[in-house]
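A look at the structure
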Amino acid sequence: QIKLFEMRIEACRLRAREDGTVSRIYHYPGGIVPGGDEVLASVLTGEPKVVGFLSEYNARDVIPGMQAYLTPVSGHGPVIRATVMALTPEILSLPGRVSPTPSQTYRGRRVVLMPEPGCDLLPGEEVQIHFSRPWNIRMLWDVFKRRGEKAE
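Attention in this report is confined to the structure presented alongside it. (Residues numbered from 1 in each chain as written. Predicted model: local features only at pLDDT ≥ 70, side-chain atom pairs only at ≥ 80, totals over all residues. Heavy atoms only, no water.)

Glancing now at the overall build of the protein chain. Along its length, the protein chain carries two helices and eight strands. Counting helices and strands in the order they occur from the N terminus, the protein chain gives α-β-β-β-β-β-β-β-β-α. Considering the protein chain as a whole, with its 152 residues, one finds that 18% of them fall into the buried category. Summing over all exposed atoms, the protein chain offers an accessible surface of approximately 12300 Å²; the carbon and sulfur share of this is 55%. (Helix = DSSP H or I, 4+ residues; strand = E, 2+ residues; numbered from the N terminus. Buried < 20%, exposed > 50% of the residue type's maximum accessible area, 1.4 Å probe, protein only. Areas by Shrake-Rupley, 256 points an atom, 1.4 Å probe, with all protein chains shown as cover.)

The next point concerns the side chain of Arg109. The residue Arg109 is located in strand β7 (residues 107–115) in this model. Within the structure, Arg109 has its side chain in polar contact with the backbone oxygen of Thr88 (distance 2.7 Å). Setting aside residues no more than four positions away along its own chain, Arg109 makes contact with Gly52, Phe53, Leu54, Ala59, Leu87, Thr88, Pro89, Glu90 and Ile91. (Polar contact = N/O pair within 3.5 Å; in protein donor to acceptor, adjacent residues only side chain to side chain. Contact = heavy atoms within 4.5 Å.)

Now for the side chain of Thr88. On the secondary structure map, Thr88 appears in the loop between β5 (80–87) and β6 (92–93). Taking relative accessible area as the criterion, Thr88 reaches 18% and is therefore assigned buried. When sequence neighbours within four positions are dropped, the list of residues in contact with Thr88 reads Arg109 and Arg110.

Topologically, Glu116 is positioned in the loop between β7 and β8 (127–130). Through-space distance from the C-alpha of Glu116 to that of Ala82 is 5.5 Å; in sequence the pair is 34 residues apart. The contact partners of Glu116, leaving out residues within four places of it in the chain, are Ile80, Arg81 and Ala82.

The subject of this paragraph is the pattern of salt bridges. Applying the stated rule across the entire model yields two salt bridges. Arg107 is the partner of Glu56 in a salt bridge, and the nearest nitrogen-oxygen pair spans 3.5 Å. Residue Glu56 is found in the loop between β3 (50–55) and β4 (67–72), and its partner Arg107 is found in strand β7; the two are separated by 51 residues along the sequence. Looking at Glu56, the relative accessible area reads 38%, which means it is partly exposed. Notably, a salt bridge pairs Glu116 with Arg81, separated by 4.0 Å at the nearest N-O pair. Of the two residues, Glu116 is situated in the loop between β7 and β8 and Arg81 in strand β5; the sequence distance between them amounts to 35 residues. On the accessibility criterion, Glu116 (34% relative accessible area) is partly exposed. Looking at Arg81, the relative accessible area reads 42%, which means it is partly exposed. (Salt bridge = Lys/Arg side-chain N within 4 Å of Asp/Glu carboxyl O.)

If you look at the biggest cluster of nonpolar residues, it comprises 12 residues: Val50, Leu54, Val62, Ala68, Leu70, Ile80, Ala82, Val84, Leu87, Val111, Leu113 and Val127. Every element with two or more residues in this core is listed here: β3, β4, β5 and β7. Broken down by element, the residue count for this core peaks at four residues, all from β5. (Core = buried A, V, L, I, M, F, W, Y, C linked by side-chain atoms within 4.5 Å.)

For the rest of this paragraph, the subject is a nonpolar patch on the surface. Taken together, the side chains of Leu14, Val22, Ile25, Tyr28 and Leu40 make up a nonpolar region of the molecular surface, amounting to roughly 520 Å² of accessible area. With respect to the helices, strands and loops of the structure, Leu14 is situated in the loop between α1 (2–11) and β1 (20–25). (Patch = residues over 30% accessible without salt bridge, like charges linked within 9 Å, V, L, I, M, F, W, Y side chains within 5 Å.)

In this section: the pairing of β3. Of the two faces of β3, only the one carrying Val50, Gly52 and Leu54 is buried; Val51, Phe53 and Ser55 on the other face are not. Pairing of β3 with β7, which is carried by six bridges, proceeds in the antiparallel orientation. Residue pairing across strands places Val51 opposite Val112, the latter belonging to β7. (Pairing = 2+ DSSP bridges.)

What is shown is where atoms sit, not what they do.
If you want it as structure tokens, here you go:
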């Protein structure tokens, strides 16, 4: 019985999967935690990874090893090159709390991307994932600026 209780206690301990820093604690010792509720949040200090949601419509077109591009939603910052590391094998539903239309179910696969070394993404920063090189206003401005310098 004692071994069984020790095994149960060990199964309830939270362990970090990778090195990192605890950024927020949602529940404290002695508090009641509903199943599936977040207990703490951590910021990983190892290699950065981007986890995204790929719609069911595009799920067949993406394979591990494929090139992807990340652009910050804020519009500030360069386009960051990334590599598709993994895709979940099953089709999942996007949780209602993050769905753009709460009354509609969005289905797709989770994708894990590894950005190129030296990228300056902040932990938890929201990005858009593109599988062809995106054009943004800054890139167009650079093209027009270079053409203007050549004409002078």
